[in-house]
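Each chain, written out:
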Amino acid sequence: MKLLVVLSIKEYQERVASLLHDAGIKRFSVTDITGYKKKEENLGWFAANASNAKTNSIMLFSFVSKEIADKAITEIDSCNIETNNPFPVHAFVLDVENFSKLI
C-alpha cells in the first residue's frame, strides 16, 4: 500500500480531484494548508517567482496501490507540462509499512 500526497493551490482543487479520478482514485481526503516562502531559492518545489509568499493551498491524500499511485503521478506530471503553470501541482508517494486493521 502507498500513501499518495498531493499539494496544490486551493484554486486548483477541482482540477486535482479530476486528475485523481482519472488515475482511478475514488476516495481521498483534503485539508487546507498555508504555504510560506521566505527566501529567494528555487528547490523545484515552490513557485520560483515568489518571495515572501503566503499561499492558500490544499493537501490531498489517499491510500492506494503502487499502480494507481504511479498513474496519479503521471497524470499530474502531464497536467503540469500541459498548463505550464507558475504554481504546479506537486505529488509524492510514501510506503505504508503497517496499519491498523478492523477486527
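Quick caveat: nothing in here was measured; it's all calculated off a predicted structure.

So, on to the side chain of Ser 8. Among the structural elements, Ser 8 can be located in strand β1 (residues 2-9). What Ser 8 contacts, discounting residues up to four positions off in sequence, is Val 16, Ser 57, Ile 58 and Val 89.

The subject of this paragraph is unusual backbone geometry. Negative phi characterises most residues that are not glycine, and trans characterises most peptide bonds. The backbone of Asn 84 sits at a positive phi, close to 50°, despite the residue not being glycine. Tracing the backbone through its elements, the reader meets Asn 84 in the loop between α2 (66-83) and β4 (90-95). Classification of Asn 84 by relative accessible area gives exposed; the value is 66%.

This next bit is on the packing of aromatic side chains. Summed over the entire model, instances satisfying the criterion amount to 0 aromatic pairs. The ring of Phe 99 carries the charged tip of Lys 101 above its face, separated from the ring centre by 4.7 Å.

If you look at the biggest cluster of nonpolar residues, it comprises 15 residues, and the most contacted ones within it are Leu 4, Val 6, Val 16, Leu 20, Ile 25, Leu 60 and Ala 72. Those elements that provide at least two residues to this core are β1, α1 (13-22), β3 (53-64) and α2. No other element matches the 4 residues that α2 contributes to this core. Look past the residues within four positions of Ile 25 in its chain and what remains in contact with it is Leu 4, Leu 20, Ser 62, Val 64, Ile 68 and Ala 72.

Quick notes on the rules
- Residues numbered from 1 in each chain as written.
- Predicted model: local features only at pLDDT ≥ 70, side-chain atom pairs only at ≥ 80, totals over all residues.
- Heavy atoms only, no water.
- Helix = DSSP H or I, 4+ residues; strand = E, 2+ residues; numbered from the N terminus.
- Contact = heavy atoms within 4.5 Å.
- Buried < 20%, exposed > 50% of the residue type's maximum accessible area, 1.4 Å probe, protein only.
- Phe/Tyr/Trp six-rings, centres within 6.5 Å; stacked < 30°, edge-to-face > 60°.
- Lys NZ or Arg CZ within 6 Å of the ring centre and 35° of its normal.
- Core = buried A, V, L, I, M, F, W, Y, C linked by side-chain atoms within 4.5 Å.

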